[in-house]
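A closer look at the structure
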Amino acid sequence: MQTPTRLTDRTALARFRARARRDPNSALFLHDRAASELHERLAEVKRSFSAPAIVTGFPEAWAGVLPGATVVPDAETLDLQPGRHDLVVHALALHWADDPVGQLVQCRRALQADGLFMAMLFGGQTLAELRAALAEAESRLTGGLSPRVLPMGEIRDLGALLQRAGFALPVADSAPLTVRYESAFHLMRDLRAMGETNALAQRHRAPARRALFTEAARIYAAHHAGADGRVPATFETVWLTGWAPHESQQKPQRPGSATARLADALGTEEYDPTATPRRLDRDGS
């Protein structure tokens with residue numbers, strides 16, 4: 001049996017995260033922002049949680065976010081006990097998972113019945129400007145492309161993962177954020193301080209020529225710089241929410257069980273696909 005192709009070099013990712021922790025200018029503001037929004041979203045749930053857990057690549061950043069929370073790393077096998085938690089949060093790490101469905105299934109199994117799962121991860125619009133600039137620069141200089149920025153899922157595909165993992169009442173939404181930088185080099189320095197640099201398993205191991213990044217920065221500025229010369233960088237945080245199944249949860253009605261016609265409720269005519277089509281003239285009559 002062939003070994004599946006790995007997306008992430010976990011050894012390199014751990015090294016980059018450790019470097020970010022040591023960086024005196026560590027740029028974990030996106031984690032701070034996600035933690036703040038997590039509190040806002042939990043307040044809307046109107047339920048108290050006594051046994052939360054947080055899965056994250058930066059335990060220090062999340063240690064005090066939820067009182068009494070069990071904080072575990074985003075390893076391939078999560079250190080969570082089955083049925084132990086009433087809330088599990090997967091915090092800005094799922095985009096690096098080789099098996100995101102497997103991560104979600106493990107989180108669901110760790111939940112008590114009717115327990116809440118929430119995940120935030122970077123979505124497909126994240127760093128769109130940088131990806132385009134790097135691709136154009138590399139194509140011009142080398143005539144080819146190499147993997148330099150992590151591919152990220154679109155919201156529709158990410159939302160479908162919740163259903164595949166067996167969550168009830170799945171919801172996916174996104175919260176885009178635009179951060180403005182003095183230059184593309186300042187953005188790349190921040191990515192390094194976030195621990196979000198290139199940890200792709202298929203990346204080129206040889207250091208890239210500085211000319212590549214110089215050209216990418218020039219293209220970035222030419223396409224995106226504002227009047228003040230600063231460049232925008234998009235970070236799209238996708239939020240996934242689901243519940244461990246429980247008999248008390250709302251369920252869709254059985255097809256054909258409706259007791260009222262939708263057309264009556266809307267005050268309109270019901271469409272009959274077998275009827276002769278009505279002709280509509282160009283004057284609207």
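Before reading on, note that the structure itself is shown above.
These remarks concern the structure in this document. (Residues numbered from 1 in each chain as written. Predicted model: local features only at pLDDT ≥ 70, side-chain atom pairs only at ≥ 80, totals over all residues. Heavy atoms only, no water.)

Concerning the pairing of strand 6 (residues 231–243)
Which entries qualify depends on this criterion: Buried residues are those whose accessible area, probed at 1.4 Å on protein chains only, stays under 20% of the maximum for their type, while exposed residues exceed 50% and partly exposed ones sit between those limits. Secondary structure elements are defined from DSSP: runs of H or I of at least 4 residues count as helices, runs of E of at least 2 residues count as strands, and each element is numbered from the N terminus. Strands were regarded as paired on the criterion that DSSP finds at least two bridges between them.
Most of strand 6 sits out of view: 13 of its 13 residues are buried. Covered by surrounding structure in strand 6 are Val231, Ala233, Phe235, Thr237, Trp239, Thr241 and Trp243 together with Pro232, Thr234, Glu236, Val238, Leu240 and Gly242, the residues of both alternating faces. Sheet topology places strand 4 (residues 111–122) next to strand 6; seven bridges connect them, and they run antiparallel. By the bridge assignment, leucine 116 is partnered in strand 6 with tryptophan 243. In this structure, strand 5 (residues 168–181) lies alongside strand 6, joined through twelve bridges in antiparallel fashion. Within the sheet, the bridge partner assigned to threonine 178 lies in strand 6 and is threonine 234.

Points about the sheet that holds strand 1 (residues 52–56)
To keep things clear, this is the line we draw: Lines are fitted to the C-alpha atoms to define the axes, a helix being fitted only along its stretch in contact, and any angle between axes, read from their N-to-C directions, falls within 0 to 180 degrees.
Pairing is mixed in the open sheet, where six strands are placed in the order 2-1-3-4-6-5. Looking at which strands have only one partner, the edges of the open sheet turn out to be strand 2 (70–72) and strand 5. This sheet shows a mean twist of 15 degrees between the axes of neighbouring strands, independent of strand direction. Pairing geometry for strand 1 and strand 3 (residues 85–91), over five bridges, is parallel. What sits directly across from isoleucine 54, in strand 3, is valine 89.

Some points on empty space enclosed by the protein
What counts is decided by this rule: For cavity detection a 1 Å grid was placed over the protein atoms alone, and a set of points counts as a cavity when a 1.4 Å probe fits there but cannot get out; an open set counts as a pocket when protein lies on both sides within 12 Å along at least five of seven lines, with lining residues being those that have an atom within 4 Å of a point. Grid points are joined across faces, edges and corners, and a volume is the space filled by probe spheres set on the points. Under the scheme applied, nonpolar residues are Ala, Val, Leu, Ile, Met, Phe, Trp, Tyr, Cys and Pro; charged residues are Asp, Glu, Lys and Arg; polar residues are all the others, including Gly.
In total, this model carries one cavity of 30 Å³ or more according to the counting rule given. Approximately 40 Å³ is the volume attributed to the largest cavity. Every residue lining the largest cavity is listed: Ala27, Leu28, Leu30, His31, Leu92, Phe122, Met194 and Glu196. Tallied by class, the residues present in the lining of the largest cavity amount to six nonpolar, one polar and one charged.

Structural notes on helix 8 (residues 210–224)
Because an α-helix completes one turn every 3.6 residues, residues spaced three or four positions apart along the sequence face the same direction. The criterion, for reference: A helix is expected to span 1.5 Å multiplied by its residue count minus one. Throughout, a residue-residue contact means that at least one pair of heavy atoms, one from each residue, lies within 4.5 Å.
With 15 residues, helix 8 extends 21 Å between its outermost C-alpha atoms, agreeing within 8% with the 21 Å of an ideal straight helix rising 1.5 Å per residue. Within helix 8 the residues assigned to the buried category are Leu212, Glu215, Ala216, Ala217, Ile219 and Tyr220. Next to the buried residues of helix 8 lie helix 5 (128–142), helix 7 (184–194) and strand 6.

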